[in-house]
Amino acid sequence: MLSFIYFRALRKSMSFAYKYTRTTTEALIFVVFTINNGTSEQFGDPGYALNAALEYRNKCMNPGNVEIIQINPSFGNVNPELGNYFFKYDDPDLFNKFTNAIFSTRLYDKSSIPKISADDGPYIPCKSYISFSYDDSNFMRNEDFMTQINFIKNAIGNLNYPERLRAEGGYTAEFNWNSGLSLAQMQSSFDFAEQTLMSYSLLQEFASLVTSLTTLDSTNDPIGALIFISDTSDRALLNADRLLAQLSNVRITFVLLGPDADQNKLTRFSSNFITWRDLTSPQPDNWDIVSTVAYGCSNPISTVTPPVVTTSLPMLSTSATMPQTTTQTSSMPITGSTSVQYIPCQSWISFSYDDSNVLQNANFKTQMSFISSVISSLNFPYRIRIQGAYTDVATWNSGQNIPQMQNELLNSEQTGNPYSLLLEFANLVNYLPTNQWPVGALVFISDTSDQALKNAYRFIPQLKSVRLTFILLGTNADATKLTNFTSNFIYWSDLSKPQPDNWDTVSASAFGCTNPSSFSTLLPLSSTTQRISTDPTSMAPTGTTMTPFIPCQSWISFGVDDSNVLPNNNFMTQLSFVSSAIGNLTHPERIAAVGIYAQPVPWNSGLTIQEIQYSINYFNQEAPYSLKMQFAALLSNLQNTVTGNTPVATLIFISDTSDAAISGADVFMSQLNGIKITFVLLGPNVDSSKLTNFSNNFIYWSDLSKPQPDNWDIASVAAYGCTNPLSTMLPSTSMAPTATPTIVSTSIAPTGTTTAPYLPCQSWISFSYDDSNVLQEENFETQMLFISSVIETLNYPDRLRMSGAFTAVASWNSHQTISQMQNELSNSEQTLNGYSLLLEFANLLTDVESIGSTNWPIGALIFISDTSDQAIRRANQYISQLSNVRITFVLLGTNVDSTKLTNFTSNFIYWSDLSKPKPDNWDTVSASALGCSNPSSVSMPPPLSTLLPLSSSLTPTTVPTSTSTSMAPTGTTRMAYLPCQSWISFSYDDSSSLQSNDFKTQTNFIASAIGAINYPDRFRVNGAFTGVASWNSHQTISQIQAEINSADPTSNSYSLLLQFAGLLTDIEATGSTNWPTGAIIFISDTSDRALANANIYFSQLPANVRLTFVLLGTNVDQTKLTQFSSNFISWKDLSQPQPDNWDTSSFNAYGCQ
């Protein structure tokens, strides 16, 4: 038979020919039209035609029966491995030659077909894993970003063995190691690379690299990682050192992009640098010299070639009788007397295909063709199951043969329903085999949204004995959302290809085989993340420490010039220098940075070196220079510090020596005796002779375009108060450099007893505000004003922290007053960056570690406006290290989904309307959020909603026992529950079964019904696919009514299973309760499909749940529902405003006795 294939159409139309030749002995001739040996760049086809033909030929049952005829290559470029037949398209005798070739082909023996590898010969430049961590931040110009991308693209073209190549950025990714892509495909992927709007984050780059490392099996091969970096600011490098320990076996080389990248800021991560100062050049400056070492090579041009791995499964006939196979050493023999072996092993095999509406129909068909081709390589069809969430092809022991299953597969149709992993699992556990064979279940998935995965976790206990493998369809499926179920993933990123990317290497394992030839899985980052200890050089010493003082043991103060005298660029140069100088010191407890108008870092600040450097960025130019005020700030710091006999040195940066600038400074000189003062003279206009009354020590910085003062290297050691530089002398306990001052101040968290109580309780308090670009500006300001008003009601400001993901106001022990913090809050500005919960957690953890061991509780409020996958990406890697912190999310606006955050905490404060000055339920939950278990009575206004009403009998009632922090209020009041004390649920019908006007009649009725009852925290109003309110939602009745009136029906079929699943989930969330629950379920469809598997959850509903079905319309059969309940309310005529017998039945339906 003949098959004419053209360009990319070959791969897309091969499913029939491939399947046919896998199971037949007939000859097949591929006629391949190509240009230049299969490469047609003008059509974007890098050799697909010939390469695909070769690939399919080698996979056929008898490759020796496949002949390939090439038309159009030049005779100098023909591929002799594909056969001996090739013709030029413009040959005038082409037709006759072609016809003769077809009739005269002699199909050669299989053994004559050479084994072709994508790469032959030695590894270039050596055998190593190579990573390109490109800079996809917003820091570079777009043309420089593209220069970087084009360079990586070209560099890859000079390498081989693509399985050992990786290219990912901090926020985007092109391909991982073992991606299954060819070099040409890797290069093509860069054509779609784009910059993001995010700031550079070395933490993100490292986190991405660590995640990729977890996908590698244990290897002795070196790993070379090139990290492209354009921003070395403190913010860009913040917290990156936390992941450094997990990169200990990686050779990191930084490629410094542009002239502003400072390698000195990176030396703690690596000593390997490649510079690329001029980004108009096509490659880095010294690339040719250092590239080999950057690739991890010690012996370049290795002669070691990779092992040949054969991963294809054995082929066999698909006759309905017992199949005959050739002997396969990897298969397990069947038990019993037969000699026929199971292929690939003795196991039950399940294919849960994706029949949702998420896939494009062509991709759905590709999926089904793939399953069809796979089962043709298996035998014993009774142990094969093929089902979707809504349709099915074959169950286990179906009695079908493989051709019948294939026919069903190829004739299957997509549904119009959304993806539901719950339904996939529900079908899988039905009739799950109970014998001792392993079960391998392949679950095809295209949608990993929260809705798609909703309640699927309930089946985890029933699937413990099943080896689950997810096949991720397309590029939008997120494996990290599935790690609760399994760590086994197969990727199918390009659905134009006939099979998943890494199918050949992991298929045997996915089938449940215990001895597969190859195995590959992706583990979540959180499973490998280890606690990284803070560098001891950045901790305040307790007792003795082994960390040397550099350059010597002294107290050092940087007197920053924050006047308005300097031009702003010179002012920023000063700040950069101070930050850099601090980075070369140790023991941050003896470093201070104070200005004339701001004093962010006193001695014993509790900050790390990095945090001190970061604080330098918050100096602003304020008013005229005043040496008197500079000395006053220094003296204030001295009076609050016990310095002992250790030298004290201060560097005073000064830009103005006019009489006005130095007036009155001499009044403090007598109190500064013994302090070594060194003036750093900024610019050419400063007169040192005007300063000799105060000191004779000067460092000149006449040209502020230079990065440091003129004689800094010579004079710096003396300026630091050193006589014996680089001392390793340790502090003695008698010096007590970290002792608290003897004066009493309410701005310092006191130890022991105190006459002033902590308000609202003794705890560390953190406000992690949202400084992203998600909020509108006025809402950002409302948030900051609210925090400012809250801290005004607190005391002991040293136990207060205020920080965002990208900016900061105060760390714990900042020694700022409440007023100073409020001033900082009011001057804070939003950033242009997207929300990152990872960075919020990382900053919080850094500050938690800085306070050391504490018995005080820690209450952390995290303000959040974005719960998208990108916003909370990788945040879980820090949550285990915050286990001693009580985290409460403040949900900003109506677009935040608390269900996306339940992995981190169950504590939520709602602020749905940001035009209001504070969150909705602030008064009732604030004390708990601030870390209090027994708040002081004077701390805050009493909560507004902490009284529990009496029952309808007007006698005190018992509150339901619950672990929820958002319970119905406790206490007593004269208001009775209407109609009785119970939990009430309305499960409305949001399926496609109802007409739109009938759906609105239903929701209008529910809105009216809840208007007649009270205490909305005991209301639940949800459908199978959409939701309005769960119990304890903290919405008002008006808000719930507005939500239900704005609800819309979906295009999905009715599912009682999903109704019960949602109800059970919310019941469990309320905790143990002795209240009755009245659950009203609206239903318009009682077909078998609508009720399928509903009994799974019905059996788990507590005994105190009273189910009542509201039968919508005339086509509902209540006899189909009697297995669940005997309580029915009819609503035959949906033009009526309420059900037929509502007035007489509603009391019981609400759970009232």
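Residues numbered from 1 in each chain as written. Predicted model: local features only at pLDDT ≥ 70, side-chain atom pairs only at ≥ 80, totals over all residues. Heavy atoms only, no water.

Per an unreviewed UniProt entry, the protein goes by the name VWFA domain-containing protein and belongs to Panagrolaimus davidi.

Considering the state of the cysteines
Threshold: We call a pair of cysteine sulfur atoms a disulfide when they lie within 2.5 Å. Strands are runs of DSSP state E lasting at least 2 residues, helices are runs of H or I lasting at least 4, and numbering of each runs from the N terminus. Burial status follows relative accessibility: with a 1.4 Å probe on protein chains alone, a residue under 20% of its type maximum counts as buried, one over 50% as exposed, and anything between as partly exposed.
Overall, the coordinates contain 5 disulfides when judged by the stated rule. Disulfide partner of Cys345: Cys513, at an S-S distance of 2.2 Å. Sign of the S-S torsion, about -90 degrees for the bond between Cys345 and Cys513, identifies this disulfide as left-handed. Of this pair, Cys345 sits in the loop between α9 (287-294) and β13 (348-352) while Cys513 sits in the loop between α14 (503-510) and β19 (555-560); the two residues are 168 residues apart in sequence, bridging distant segments of the chain. Assessed through its relative accessible area of 2%, Cys345 is described here as buried. In this structure Cys513 comes out as buried when scored by relative accessible area, which is 9%. Bridging Cys761 to Cys932, the disulfide has an S-S length of 2.1 Å. Taking the sign of the S-S torsion, -85 degrees for the link of Cys761 and Cys932, the bridge is left-handed. Of the two residues, Cys761 is situated in the loop between α19 (712-719) and β24 (764-768) and Cys932 in the loop between α24 (922-929) and β30 (949-950); the sequence distance between them amounts to 171 residues. As far as burial versus exposure is concerned, Cys761 and Cys932 are alike and both buried. Going through the protein in sequence order and numbering each bonded cysteine, the pairs you get are 1-2, 3-4, 5-6, 7-8, 9-10.

Looking at the nonpolar core
To keep things clear, this is the line we draw: To form a nonpolar core, buried Ala, Val, Leu, Ile, Met, Phe, Trp, Tyr and Cys residues must be joined to one another through side-chain atoms within 4.5 Å. Pairs of residues are marked as contacts when any of their non-hydrogen atoms sit within 4.5 Å.
By size, the foremost hydrophobic cluster in this structure holds 67 residues, and its most contacted members are Leu421, Phe425, Phe470, Leu1056, Phe1060 and Phe1109. The dominant element in this core, judged by the number of residues it contributes, is helix α27 (residues 1056-1070), at 8 residues. With near-sequence residues (within four places) excluded, Leu1056 lies in contact with Ile1081, Ala1090, Leu1091, Ala1094, Phe1109, Leu1121 and Phe1124. The next biggest cluster of nonpolar side chains, apart from the first, holds 63 residues, and it includes Trp177, Ile252, Leu256 and Val848.

Some thoughts on the packing of helix α20 (residues 777-791) against helix α21 (residues 818-827)
Quick reminder of the rule: Each axis is a line fitted through C-alpha atoms, taken for helices only over the stretch in contact, and angles between the N-to-C directions span 0 to 180 degrees. Here the angle decides the label: under 35 degrees means roughly parallel, over 145 means roughly antiparallel, 65 to 115 means roughly perpendicular, and every other value means oblique. Residues are grouped as follows: Ala, Val, Leu, Ile, Met, Phe, Trp, Tyr, Cys and Pro are nonpolar; Asp, Glu, Lys and Arg are charged; every other residue, Gly included, is polar.
Put simply, α20 and α21 touch, their axes get as near as 9 Å, and they point 175 degrees apart. One finds that α20 runs roughly antiparallel with respect to α21. The segment α20 lies against α21, with Met784, Ile787, Ser788 and Ile791 engaging Ile818, Met821, Gln822 and Leu825. Its residues placed into classes, the contact of α20 with α21 shows 6 nonpolar, 2 polar and no charged.

Focus on the pairing of β13
So the rule is basically this: Strands were regarded as paired on the criterion that DSSP finds at least two bridges between them. Place the viewer so that the strands point away; then a crossover is right-handed whenever the path from the first strand over the helix to the second strand goes clockwise.
For β13, the buried fraction is high: 5 of the 5 residues fall into the buried class. Across 5 bridges, the pairing between β13 and strand β16 (residues 439-445) is parallel. Each residue of the ladder has a partner; that of Trp348, found in β16, is Val439. As defined by bridge partners, β13 adjoins strand β14 (residues 384-387) across 4 bridges and the pair is classed as parallel. Along β14, the bridge assignment pairs Phe351 with Ile386. Since β13 and β14 lie parallel, the crossover through helix α10 (residues 361-375) that links them has a hand, and here it is right-handed.

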